[in-house]
Amino acid sequence: MASGRIRVPPLHPAGCRTPRLVARIPPMAQTVTLIPGDGIGPELAEATRRVLDASGVKLDWEVVDAGEAVMEREGTPLPQSVLDSIIRNKVAIKGPITTPVGVGFRSVNVALRQSLNLYANLRPVRSMPGLKTRYEGVDLVIVRENTEDLYAGIEHMVGPDAAESIKIITRAASERIARFAFEYAVANGRHKVTAVHKANIMKFSDGLFLESCRTIAAQYEGKVAFEDRIVDNMCMQLVQKPELYDVLVLPNLYGDIVSDLCAGLVGGLGVAPGANIGNEVAVFEAVHGSAPKYAGQNKANPTALMLSGVLLLRHIGEQAAAERVEDAIRAVIAEGLTVTYDLGGSAGTSEFADAIVARLESVAATA
Ligand code: NAD
């Protein structure tokens, strides 16, 4: 995966400046909010927690619940105590949360992103050695705007037989996400940002998004290349020649759809990680949902959530541990002996996690 260095400064204290104090005070643990989520979430969260604990980084876990079960218990799927925990700890990792289709409560995922102003959704997409897919050498980063567009939740019926959803695009949010994409490119040695839109049809909303991206791109001229693509053409190009692309910046809805398409290029939703990033806090989660049909079966692939944990480790400044965990995951997948069904194996979620923990422990023992 591309280095997940994120613009927010590392939250983990770098240690005291005087050598004497460093010697006497053990490194402080980072408290991380853990939201297990719905469906396959709790199994994947447990597997991920075990792997991150084996990384050598001292993490204290504050487990809080959101989602379907909490809705029944507390009358809201997103209690204030969950938001308070994330705000206090500044970093969280969450399993997927079910959103009822067509009826019921609004998406907890969207509510979290909006209420914590997690404006950037970062989704690296990278081929895994040993994983048979139609493509090799895919290495893309999706930067999705996370707070507006059709996800603003402004929709209503117009009489009994028509419905209206309002798409919100603002210059401020579009420039902010474009700047995030360019800053990410600079910080991670990436060469090109491609803005994705449908400005030929939605001349005002997508037109404003594109104009905002162009404004920001001008500030990075000579450092990072810029181009734009209409979203339908982008989809075709991605399945024909993904190697032409580097960092993609998209409004919310296209970003969601293109993320799943890109996950398919590298082995599916089971291996696609993500991060929701704001100026104050960051919430790490896989691209996939709660896959209810596999809930409780010890079957789903925890790789995507584990790789989201790798992004978390990088975010808190634990680069070496992040690399150890990522290498261990990639090695176990490349070996192919203890992988889940979606990667062509028959191992369960927990056996896959066991193999990665064992690998991390053997690396630590020989270091
Ligand atoms: P999904 O991503 O849950 O599952 C689609 C299919 O992908 C599954 O049936 C399964 O075949 C495969 N899959 C997904 N994750 C996998 C994994 N870790 N290992 C192996 N296979 C995996 O999508 P869906 O069925 O459209 O959505 C189910 C629920 O999840 C919905 O309520 C939706 O709103 C919610 N959702 C939540 C999030 C989130 O929490 N961020 C994201 C997307 C969807």
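Quick notes on the rules
Residues numbered from 1 in each chain as written. Predicted model: local features only at pLDDT ≥ 70, side-chain atom pairs only at ≥ 80, totals over all residues. Pairing = 2+ DSSP bridges. Helix = DSSP H or I, 4+ residues; strand = E, 2+ residues; numbered from the N terminus. Right-handed = clockwise from strand over helix to strand, strands pointing away. Near = placed C-beta within 6 Å. Nonpolar A, V, L, I, M, F, W, Y, C, P; charged D, E, K, R; others polar. Expected span 1.5 Å × (residues − 1). Buried ≥ 20, exposed ≤ 12 C-beta atoms within 10 Å, placed from the backbone. Contact = placed C-beta atoms within 7 Å. Axes fitted to C-alpha atoms, helices over the stretch in contact; angles between N-to-C directions. Parallel < 35°, antiparallel > 145°, perpendicular 65-115°, else oblique. pLDDT = per-residue confidence, 0-100. Left-handed = near helix turned anticlockwise from the far one by under 90°. Core = buried A, V, L, I, M, F, W, Y, C linked by C-beta atoms within 7 Å. Domains from an automatic or database assignment. Arc of directions from axis to C-beta.

Caption draft 1: Spatial organisation of the pairing of strand E2 (residues 59–63). When strand E1 (residues 30–35) meets E2, the two strands line up parallel, connected through five bridges. Within E2, the position partnered with Leu34 by the bridge is Val63. Between E1 and its parallel partner E2, the chain crosses via helix H2 (residues 41–53), and the hand of that crossover is right-handed.

Caption draft 2: Main features of the site of the ligand. Not every one of the 18 residues close to the ligand is listed here, only the nearest: Pro96, Thr99, His288, Gly289 and Asn301. Broken down by class, the residue content of the shell around the ligand amounts to seven nonpolar, eight polar and three charged.

Caption draft 3: Main features of H2. Over its 13 residues, H2 extends 18 Å from the first C-alpha to the last, a length consistent with the 18 Å expected when each residue adds 1.5 Å. The set of residues buried in H2 consists of Gly41, Pro42, Glu43, Leu44, Ala45, Ala47, Thr48, Arg49, Val51 and Leu52. Each element contacted by the buried residues of H2 is listed here: E1, E2, strand E3 (91–94), helix H10 (303–315), helix H11 (319–335) and helix H12 (349–366).

Caption draft 4: Unusual backbone geometry, seen in detail. A positive phi is found at Asp149, a non-glycine position, where the angle reads about 70 degrees. By secondary structure assignment, the location of Asp149 is in the loop between strand E5 (139–145) and strand E6 (155–157). Looking at Asp149, the number of C-beta atoms within 10 Å reads 24, which means it is buried. Positioned with a positive phi, Ala291 is a non-glycine residue whose angle comes to about 30 degrees. Looking at the element boundaries, Ala291 is found in the loop between strand E12 (282–284) and H10.

Caption draft 5: Region of interest: the pairing of strand E8 (residues 192–197). The buried fraction of E8 is high, at five of six residues. Relative to strand E9 (residues 225–230), E8 runs parallel, the two sharing six bridges. Counted as the bridge partner of Val196 is Arg229 from E9. Regarding topology, helix H7 (residues 205–219) serves as the crossover connection from E8 to the parallel E9, and that connection is right-handed. The pairing of E8 with strand E10 (residues 247–250) spans three bridges and is classified as parallel. Pairing of Val193 across the sheet is with Val247, part of E10.

Caption draft 6: The packing of H2 against H12, seen in detail. With their axes 9 Å apart at the nearest point, H2 and H12 run at an angle of 10 degrees to one another. Of the possible angle classes, the one that applies to H2 and H12 is roughly parallel. When H2 is examined against H12, the residues Glu43, Leu44, Ala47, Arg50 and Val51 are found in contact with a partner set consisting of Thr349, Ser350, Ala353, Ile356 and Val357. Counted by class, the contact of H2 with H12 contains six nonpolar, two polar and two charged residues.

Caption draft 7: Summary view of the confidence of the model for the protein chain. Chain-level pLDDT for the protein chain is 91 on average; 93% of the residues reach the 70-or-more range. Throughout residues 1–24 the model reports pLDDT below 50, and contacts reaching past four residues in sequence, or to other chains, amount to 46 contacts.

Caption draft 8: Molecular detail of the packing of H2 against H10. Direction vectors running N to C along H2 and H10 enclose 45 degrees, while the axes themselves pass 9 Å from each other. In this view, H2 runs oblique relative to H10, as classed from their interaxial angle. Handedness of the crossing formed by H2 with H10: right-handed. Of H10, the residues touching H2 (which contributes Leu44, Ala45, Thr48, Val51 and Leu52) are Leu305, Met306 and Gly309.

Caption draft 9: Structural detail: the nonpolar core. In this structure, Val143, Ala181, Val193, Leu248, Val249 and Val325 are the most contacted members of the largest nonpolar core, which totals 103 residues. Dropping the residues within four chain positions of it, Val249 is found in contact with Val143, Ile177, Ala178, Ala181, Val193, Ala195 and Cys213.

Caption draft 10: Structural context of the domain arrangement of the protein chain. Structurally, the protein chain comprises domain 1 (1–123 + 270–367) and domain 2 (134–265). Contacts between domain 1 and domain 2 engage 18 residues on the former and 21 residues on the latter. Every element with two or more residues in the side of domain 1 that touches domain 2 is listed here: helix H5 (108–115) and strand E4 (120–126). Among the elements that take part in the side of domain 1 that touches domain 2, E4 stands out by supplying four residues, more than any other.

Caption draft 11: Region of the structure containing H5. Here H5 has its buried residues at Val108, Asn109, Leu112 and Arg113. The buried residues of H5 occupy one face: seen down the axis, they fall within an arc of 135 degrees. Turning to H5, the residues buried within the fold contact strand E11 (275–277) and E12. Downstream of H5 by a residue or two, Asn117 has a phi angle that is positive, lying close to 55 degrees.

Caption draft 12: Just the environment of Val239, in detail. Note on placement: Val239 falls in helix H8 (residues 231–240). Expressed as a C-alpha distance, the spacing of Val239 and Leu265, which sit 26 residues apart in the sequence, is 7.4 Å.

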